[in-house]
Every structure is written in structure tokens, then in C-alpha cells.
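# Topology and contacts: notes
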Amino acid sequence: MTKTMKAWKHDEYGGVDTLKLVTDAAVPEITDDQVLVRVVAAALNPVDFKRRLGYFKATDSPLPIIPGYDVAGVVVKIGSQVKGLKEGDEVYGDVNEKALEGPKQFGTLAEYIAVEERLLALKPKNLDFVQAAALPLAIETAYEGLERAGFCEATSSTGKLELLKSLGVDLAIDYTKENFEELPDKYDVVYDAVGQVEKAVKVVNGSGCVVSITAAIPSQVLKLKITMKAWKYDEYGSVDVMKFVTDVAVPEINDDQVLVKVVAAALNPIDFKRRHGFLKASDSPFPIVPGFDIAGVVVKVGSQVKGLKEGDEVYGDVNATGASGPKQFGTLAEYTAVEERLLALKPKNLDFVQAAALPLAIETAYEGLERAGFCEGKSILVLNGAGGVGSFVIQLAKHVYGASKVAATSSTGKIELLKSLGVDVAIDYTKDNFEDLPDKYDVVYDAIADSVQPPHISFFLTSDGSILTKLSPYLESGKVKPLLDPKTPFPFDKVIEAYTYLESHRATGK
Ligand SMILES: NC(=O)c1ccc[n+]([C@@H]2O[C@H](COP(=O)([O-])OP(=O)(O)OC[C@H]3O[C@@H](n4cnc5c(N)ncnc54)[C@H](OP(=O)(O)O)[C@@H]3O)[C@@H](O)[C@H]2O)c1
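Within an unreviewed UniProt entry, the label attached to the protein chain reads Alcohol dehydrogenase, C-terminal, and the organism entered is Cynara cardunculus var. scolymus. For the protein chain, the Sequence similarities (unreviewed entry) comment in UniProt is given as "Belongs to the zinc-containing alcohol dehydrogenase family. Quinone oxidoreductase subfamily."

Written out as C-alpha cells, the structure is:
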């Protein structure tokens, strides 16, 4: 077999003039899981010219690039691990698993292409190679969107209306004459394949959704749900005011915010204090979707957001100042809108549940130590060392600040836990009164918070993602770990049980 082949390639990003037909491109080598396909037909998609214009420069493979995603052709060579294909098979597929993350340097606009077996399928016998090449990326995107959503009607320009009907649409709308968003009909699913999400949202019915193939992520399908499941309350009171609903609007984001798909949320004492009405004077209006702490995935970014992008795994406390105007739409929901500055990238070694257990408690622990001017060589007594905040005060004092001595209080059953967190002196408050013991400390960190008398430093946390980022090396190295109560995590439909347990004041860690 020849070692060189004809191909179209470009050595720089730019207009269509950058494409050159060459005859000396190297026939690609295959890896063990790949086959070499002799290209019979290749199809172009919008992603091809967007890529050539340099839209995906940051994640693209190096130049020179032979473009092209869709192919139909014949297998001429197979890798040692290939199980389901053999030489002579007629195949078709999109050769790039992820369109935007490192699409292949040597694509389909060539005589031969190396493709992973798993990206290919046998060509339907009734289709020729040209017809088959027209399918992969477009039909896979169409299918994935419908799968994620459920179900559509279509728009086109006048000349293509008959075509739409022949494809099976019941109502064909000529977008050059009518604005679909002004027509009376509403739909369960609007599949936006042009980038008109703002208008599409207007024709979705109550529980429906928009599936958008955005310009920025052409082959990824982003489902923007219009309504979502959430826990909310319309009055202050006991845990009974909490209601599980499915019709809360997905929050709109401001320019400095991102929309986060919540994977895990954690409760803190402030959540039940707020629900009881302790923050009434400064609270947001009803209905309230409560919750401060989350870990999740960014699904949309505001125009001013610089450091986060779609797909980032993040965590944080969504309320900059918990006591003054916490968000009306918090974290006990499928989606929440959060200012970029309140979030940090999730440490890779932690799962979402572990990450959600950190923000408010560890930031409070850190801010208290900072305000006390805590530093290496100082001693500290932590009251309530086994609680959400106290467990982090112990670990930060010992492993981050280099305390000379860490003492902490808890009931008998949690003394061993205190020791495992690094305390030098574990005090069982059911047996000893810490104030009667002979030792004195540079700092006493009261994480019971119901018993403080002057002189003391009293503060309310100002949440900030940069604290999490600062502590990231200690979290990633495992020096500081979230302490999860053995009863956790609670499933989303068991929020009442989670609140009830937290309000018992007996939870260990988070
Ligand atoms: N100012 C702020 O920004 C801020 C931020 C976060 C939290 N807070 C406040 O700080 C307090 C603690 O919050 P948290 O999340 O750490 O609480 P938590 O996790 O709910 O604390 C539960 C723990 O308290 C322990 N405990 C109860 N009575 C105790 C006592 N007399 N001595 C020692 N330990 C005792 C229990 O352990 P045993 O079973 O061993 O008793 C249990 O493990 C809350 O009042 C919260 O509202 C304030």
C-alpha cells in the first residue's frame, strides 16, 4: 500500500483559501483500537468551517490539519484489539468522539483515515456511500437531543416547506413570513438547531424544554430546562413547610453568573435557622428555594464570566453574605444561578458529595482562624470539634497553620473521631468542663455558637470561592478532608429527613 495519499489540508486558520489539495500527505498509522478506512465519501458539517476559522483553536490538534468528521468507506486494515470489524467491511461514522476537544489532526478529507472501531457502524445496505456519509454527526446530534428531551415541529424558508412536509412535519412554518414565537401553539420540546434559544423558550409549554445545539458547542446538545424540580417553602416554620415541586422556573443568570446543574447540595444550620424565620428581616421574598452549599457542573455562562466554562465541575456557597438577603433560589433544586466569584473548581480527588460538604463550613473555619490571627506555633481549643465547622477548624489549625497544640470538645462517642482529625487533647464535655481544666489557649474557637460572651470575635461569613481555591492544595493532597456523617448522603427526595437530622444537633461533620 502506498505511504502517501491525496488530502485537503490547512496550515493556518482562516477563510476557505487556507485549504490546499496535496498529494503527499502520510497515510495515517492505526492504533490497536482503530481501523484504516479507505474513504469513499465524506460529508461536511458547520463544525468543519467553524474549526477552520479557528473557533476551537484552544482545544484543536496541531496544524497542519486535514479536516472532516463524517465518512463512509471500506475497512482496509484493522488494529490488534479490533473485534467487530474486518477488512472489506463497508462502514460509516463521525471520526471524532468529541467534536471540540482535540478533533483528529488527520480527518476525513483524505484518501484514508484512521478511526476507532467504536465510532463506526456497518453501512446500511440500502444506502450508497454518499448517502451514508451524510448521516453520522447530524443524525447522532438530532437523536441525542431528542433522547435528552423527549420529542417536534419544524421551521424552514419558503422553498423548503414541501421538503419539511415530506419529512413528516404536521405544521410547516415559513420563518420568512411568520415568527414562530408569536404563534399560539406551545410545545413539549423545541429543538433549536439555529441558535434562537431566547425565542424558543417562549413557545415551550409548562413542563417542556428547549434542546439547543448552540453555536459554541455544535455537536453537544445542551438541554435548557424551563422548569425544574426543587424544594421550596412559602412561609416560615418547621420542616413541614418544605414542599417538593416540579414547576420552579430555572433561574435566569446575570452577566457575572453561571448556571450550575446541581449534583450535590449540603445543608448547614443556617438553612433551618432561616426556615424558622431568624433571618426574616433581611431574607428574600417567598417562595424560597433554600440551600447554600453545592457541587455541580456549569451548563451556561454569563457574558462577563472569565474563568469558568460550560462543563466545569465546580463547588461553592452560593450566598455571598448568608445573613443579608440570601438567594431566593438556592441549591435544593436541579439548577442554581451563582456568581463566578463564589465558586471554585472542584478538587479532582473529591466526588460531588464530598465537595458539597465543604464550602460554608470550611470557609467559616478559615475566616475565623484568619480573624483571630492564628499562625504557626499557637495553640487552640475548638468547642464542638465534631461538627461541620469544628472538624475543619481542627484540620486547618493542625495541617495548614501548624498549630502547636489543638484541643477540642465532643461527647464520648466522638472522642476517637476528634483524635483521627489530628487533635492533641480530646475533651469529653459530658465528663469534663473544659473551663475547669488547667490548660490555657491562644485561641478558643467556639463552634457551638449559642454560648459566646465577650470578649470574643464574632463574625458572619462572607463567602468567597478564592478561599476554596487557596485551600485546594491541602484538599487535593488529602491533608484536609470533608467529614461526612455516616447517615449521608440523603437522596434528593429525602430533604425533610436530612433537615430533621441536622436539627437534632447530633450530626457528625456534614
Ligand atoms: N457565623 C457564621 O458564619 C457561621 C457559619 C457556619 C456555622 N455557624 C454556626 O456555628 C454553629 C455550628 O455549626 P456546624 O455546622 O459546625 O454545626 P453542627 O455540625 O450542626 O454541629 C453538630 C455537632 O455539635 C456537637 N455539639 C452539640 N452540643 C455540643 C457541646 N455542648 N459541646 C461540643 N459539641 C457539641 C454535636 O456533637 P456531640 O454529639 O458530640 O454533642 C454534633 O456533632 C451553628 O450554630 C451555626 O449556625 C456560623
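There's more to say after this.
## Let's talk about the sheet that holds strand 7 (residues 120–122)
The five strands are arranged 6-3-4-5-7 in an open sheet whose pairing can be described as antiparallel. On the outer flanks of this sheet lie strand 6 (112–116) and strand 7, each paired with one strand and no other. Within this sheet the neighbouring strands show an average axis-to-axis angle of 45 degrees, counted without direction. In this sheet, strand 7 lies alongside strand 5 (residues 90–94) in antiparallel orientation, the contact comprising three bridges. Across the sheet, residue G93 finds its bridge partner in strand 7, namely L120.

## Describing empty space enclosed by the protein
If a probe the size of a water molecule is rolled over the atoms, the empty space left behind becomes visible. Space inside the largest cavity adds up to approximately 30 Å³. In terms of lining residues, the largest cavity is bounded by L381, I427, F434, L437, D439 and Y441. By residue class, the composition of the lining of the largest cavity is five nonpolar, no polar and one charged.

## Considering the site of the ligand
The ligand sits among 24 residues. The nearest are K273, S411, K414, Y429 and A507. A distance of 3.1 Å separates an oxygen atom of the ligand from a polar side-chain atom of N384. Within the backbone of V389, an N or O atom sits 2.8 Å from an oxygen atom of the ligand. When isolated, the ligand has an accessible area of 920 Å², and the protein chains bury 86% of it. Among the secondary structure elements, those contributing two or more residues to the shell around the ligand are helix 6 (269–275), helix 8 (359–371), helix 9 (388–401) and strand 21 (405–410).

## Side note on helix 8
An ideal rise of 1.5 Å per residue puts 18 Å on 13 residues; helix 8 measures up with 18 Å between its terminal C-alpha atoms. Extensive coverage of helix 8 is indicated by the burial of eleven of its 13 residues. Inspection of helix 8 places P359, L360, A361, I362, E363, T364, A365, Y366, E367, G368 and L369 among the buried residues, and these make up the whole buried set. A positive backbone phi angle near 65 degrees is found at G373, which sits one or two residues after helix 8.

## A short note on unusual backbone geometry
The omega angle of the peptide bond from L63 to P64 is 0 degrees, so this bond is cis rather than trans. As for its position among the elements, P64 is in the loop between helix 1 (46–52) and strand 4 (70–78). The residue after F286, namely P287, is reached through a cis peptide bond having omega -5 degrees. Tracing the backbone through its elements, the reader meets P287 in the loop between helix 6 and strand 16 (293–301). If you check the backbone angles, N384 has positive phi at about 75 degrees while not being a glycine. Counting through the fold element by element, N384 comes out in the loop between strand 20 (379–383) and helix 9. Residue classification places N384 among the partly exposed positions, given a relative accessible area of 27%. Although it is not a glycine, H505 sits at a positive phi angle of roughly 60 degrees. Relative to the helices and strands, H505 resides in the segment after helix 12 (495–503). On the basis of relative accessible area, H505 is assigned to the exposed category, the value being 54%.

Parameters at a glance
- Position labels on residues start from 1 in each chain and follow its written sequence.
- Local features in this predicted model are restricted to residues of pLDDT 70 or higher, and side-chain atom pairs are both shown and tallied only at a pLDDT of 80 or more, whereas totals for entire chains, interfaces and linings draw on every residue.
- The side-chain figures draw on all heavy atoms in the structure; neither hydrogens nor water molecules are used.
- UniProt positions are given in the numbering used here, feature names are shortened, and annotations may be inferred rather than shown by experiment.
- In this analysis, strands are considered paired if DSSP registers two or more bridges between them.
- Secondary structure follows DSSP: runs of H or I at least 4 residues long count as helices, runs of E at least 2 residues long count as strands, and numbering of each begins at the N terminus.
- Every axis in this analysis is a line fitted to C-alpha atoms, fitted for helices over the stretch in contact. Angles between the N-to-C directions lie between 0 and 180 degrees.
- Residues are said to line a cavity or pocket when one of their atoms sits within 4 Å of a point; the points come from a 1 Å grid over protein atoms alone, cavities being sets where a 1.4 Å probe fits but cannot get out and pockets being open sets with protein on both sides within 12 Å along at least five of seven lines.
- Grid points are joined across faces, edges and corners, and a volume is the space filled by probe spheres set on the points.
- Throughout, the ten residues Ala, Val, Leu, Ile, Met, Phe, Trp, Tyr, Cys and Pro are labelled nonpolar, Asp, Glu, Lys and Arg are labelled charged, and all others, Gly among them, are labelled polar.
- In this text, near means that some heavy atom of the residue lies within 4 Å of the molecule or strand in question.
- Two N or O atoms count as a polar contact when they lie within 3.5 Å, although within protein this holds only if one can serve as hydrogen donor and the other as acceptor, and sequence-adjacent residues are included solely when both atoms are side-chain atoms.
- Working definition of accessibility: Shrake-Rupley area with a 1.4 Å probe, residue cover restricted to the visible protein chains.
- Helices are assigned an expected span. That span is 1.5 Å times one less than the residue count.
- Only protein chains enter the accessibility calculation, which uses a 1.4 Å probe; a residue whose area is less than 20% of its type maximum is buried, one above 50% is exposed, and one in between is partly exposed.

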